[in-house]
Amino acid sequence: MKKLVSLLLVVVMVLGLASASASVYEGQRVRVVIGSTSTSGDTYMCTETVCRYLSKYLGADIKVDAVGAAEAFNTMKTAKNDGLTIMSFHDMTYLSVLFGSYDESYSLDHYVIGPRIGQNPGSCFYVRADAPYATMKEIAEYLKANPEETCVVAIEHGSVSHVGFAAYYVWVKETYGEDVAGQFRVALSGSTSTKLQMLWDGNIDLLFADYSGQKQYTEEGVEADLKLKFSGMMDDIPGVEGLPMMYEDGITLAGEPFHFSKDFLFYLPEGTPAEVVAELDAAMEKVAADPEFQAAMDALTYKNAFLPSAEAKTYIYEKSDTMKEIIDAMPSVDDMM
């Protein structure tokens, strides 16, 4: 009898250890939805690059699904909290709520926030190559000298372009006054291709896009009617020099020199167990240390900027609070169209 009891205890202990060490992801199929429908934009490129390496360290089959913001947000509301459905998206996750594009049921409070998987410092503004100004400061100076002129800016409501322009607008208002700030108009647009066509057609004067995607239009040999020039980079890109930086024009964000990179995080449905997030953290730490992954991110001009989930949560909440201050200081876009 004693031998039987001892044997049962051993079995229980072995099963307990196996259960404690069991992987949530090993051999599983994982769906990662992204808040973009483009497979050439930075959300997809960053996420696909991460997941290519993450699949190896998780032992999972990961598929990146470009479903768009609305579908991605709603997927997080209805998905099981088993860790097998993840959202990867940048700052629009919280900006869309701060700007009122989505209600509070989509706020950060309704996600389990996972690790930060990367950053894109390449968000920037462009103008036509033949524009009478180049940098963001020169645009404001031009408007001041030409009070009959306007500058029409194409942005996507509730997005990084929106907050980038909001910070710039607040700076113009504080530096040049309400009259000059009032010479800006807003045109709402979605895709970069649409904004580019609006610029080429003469319907807007300033557009927001990604460095890597539009750099081709700034190079020698581009047709004159398609050629662009950088007017303001929102952050430094490692290894890339000679670009006009918004902070070098004196533009500030919350009282500090302007720096804004898109932060890409994993988000999971409410109620996702802590052990699931812990496994993601551990695997992402290995991804971030992988030299091949580091080189792949460098090639895309993205930053390998891993933060474990607890730190990522603190970081993104603090960033959201700062952005709210900027947004509250800007007029409604409805009044600027």
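Residues numbered from 1 in each chain as written. Predicted model: local features only at pLDDT ≥ 70, side-chain atom pairs only at ≥ 80, totals over all residues. Heavy atoms only, no water.

## Quick look at the sheet that holds strand β3 (residues 85-89)
Move 1: The strand order across the open sheet built from five strands is β2-β1-β3-β12-β4, with neighbouring strands paired in mixed fashion. Looking along the sheet, the strands with just one partner apiece sit at the ends: β2 (61-66) and β4 (111-120). Neighbour-to-neighbour, the strand axes of this sheet turn through a mean angle of 25°, independent of strand direction.
Move 2: Relative to β2, strand β1 (residues 29-34) runs parallel, the two being bridged by six bridges. In the sheet register, V33 faces β2, and the bridge partner there is D65.
Move 3: Against the sheet, helix α12 (residues 309-328) makes contact with β4 and β12 (262-269), and its axis sits at roughly 80° relative to β4, the strand it touches most. (Pairing = 2+ DSSP bridges. Helix = DSSP H or I, 4+ residues; strand = E, 2+ residues; numbered from the N terminus. Axes fitted to C-alpha atoms, helices over the stretch in contact; angles between N-to-C directions. Contact = heavy atoms within 4.5 Å.)

## Looking at the pattern of salt bridges
Move 1: Here the structure, examined in full by the defined rule, presents 12 salt bridges.
Move 2: R29 serves as the salt-bridge partner of D61, at 3.2 Å between the closest nitrogen and oxygen. Note that D61 is positioned in strand β2 and R29 in strand β1, a separation of 32 residues in sequence.
Move 3: Through salt bridges with shared partners, one network takes in D91, R116, D263 and K319. (Salt bridge = Lys/Arg side-chain N within 4 Å of Asp/Glu carboxyl O.)

## Looking at helix α2 (residues 42-58)
Move 1: Look at α2: 23 Å from first C-alpha to last across 17 residues, which is about the 24 Å you get at 1.5 Å a residue.
Move 2: Along its length, α2 shows its largest kink, about 25°, at R52.
Move 3: Considered for burial, the residues of α2 that qualify are D42, T43, Y44, C46, T47, T49, V50, C51, Y53, L54 and L58.
Move 4: Within two residues after α2, G59 carries a phi angle of roughly 70°, on the positive side. (Expected span 1.5 Å × (residues − 1). Bend = angle between axes of the 7 residues up to and from the residue. Buried < 20%, exposed > 50% of the residue type's maximum accessible area, 1.4 Å probe, protein only.)

## Concerning the sheet that holds strand β6 (residues 151-155)
Strand pairing in a sheet takes place through backbone hydrogen bonds and is either antiparallel or parallel in direction.
Move 1: Across the sheet, five strands lie side by side as β7-β6-β8-β5-β9; this open sheet has mixed pairing. For this open sheet the edge positions go to β7 (184-188) and β9 (228-233), each flanked by a neighbour on one side alone. Going across the sheet, the axis of each strand differs from the next one's by a mean of 35°, ignoring polarity.
Move 2: Relative to β7, β6 runs parallel, the two being bridged by five bridges. Opposite A154, over in β7, you have A187 as the bridge partner.

## A word on the nonpolar core
Move 1: Among the nonpolar cores identified, the biggest contains 61 residues, and I139, F165, Y168 and F184 are the most heavily contacted of them.
Move 2: The greatest single-element share of this core, amounting to 10 residues, is contributed by helix α6 (residues 160-176).
Move 3: Those residues in contact with I139, other than ones at most four positions away along the chain, are V127, Y133, C151, Y168, F184 and L206.
Move 4: Formed by 34 residues, the second largest nonpolar core is a distinct cluster that contains C46, V50, I62 and V112. (Core = buried A, V, L, I, M, F, W, Y, C linked by side-chain atoms within 4.5 Å.)

## Looking at a negative patch on the surface
Move 1: Negative charge collects at one region of the surface, where D103, E104, D109 and E270 lie side by side.
Move 2: Within the fold, E104 resides in the loop between α4 (92-98) and β4.
Move 3: Judged by its relative accessible area of 56%, E104 falls in the exposed class. (Patch = residues over 30% accessible without salt bridge, like charges linked within 9 Å, V, L, I, M, F, W, Y side chains within 5 Å. Areas by Shrake-Rupley, 256 points an atom, 1.4 Å probe, with all protein chains shown as cover. Lys, Arg positive; Asp, Glu negative; His and termini not counted. Charge placed at Lys NZ, Arg CZ, Asp CG, Glu CD.)

## Some remarks on helix α3 (residues 69-78)
Move 1: Within α3, burial applies to A69, A72, F73, T75 and M76. What you see down the axis of α3 is that its buried residues fit within an arc of 155°, all on one side.
Move 2: In the core, the buried residues of α3 are packed alongside β1, β3, α4, β4 and β12. (Arc of directions from axis to C-beta.)

## Section: unusual backbone geometry
Move 1: Even without a glycine there, the phi angle at T301 is positive, about 60°.
Move 2: Note on placement: T301 falls in the loop between α11 (291-299) and α12.
Move 3: We classify T301 as buried; its relative accessible area is 18%.

## Examining the environment of G232
Move 1: Summarising the element assignment, G232 is placed in strand β9.
Move 2: G232 sits in the buried class, given a relative accessible area of 0%.
Move 3: As a C-alpha pair, G232 and F258 span 26 residues in sequence and 11 Å in three-dimensional space.
Move 4: With residues up to four places along the chain from it excluded, the contact list for G232 reads S123, C124, F125, M136, P244 and M246.

## Comments concerning the packing of aromatic side chains
Move 1: Summed over the entire model, instances satisfying the criterion amount to 17 aromatic pairs.
Move 2: Taken together, a centroid distance of 5.4 Å and an interplanar angle of 75° make the contact between F125 and F208 edge-to-face. Taken as a pair, F125 in strand β5 (residues 123-128) and F208 in strand β8 (residues 206-210) lie far apart in primary sequence, 83 residues in all. Judged on exposure class, the residue F125 and its partner F208 are both buried.
Move 3: Put simply, the rings of F165, Y168, Y169, W171, Y176 and F184 pair up and form one aromatic cluster.
Move 4: Of note, K77 hangs over the ring of Y106, and the distance from its end group to the ring centre comes to 3.8 Å.
Move 5: Positioned over the ring face of Y315 is R116, at 4.8 Å from the centre of the ring. (Phe/Tyr/Trp six-rings, centres within 6.5 Å; stacked < 30°, edge-to-face > 60°. Lys NZ or Arg CZ within 6 Å of the ring centre and 35° of its normal.)

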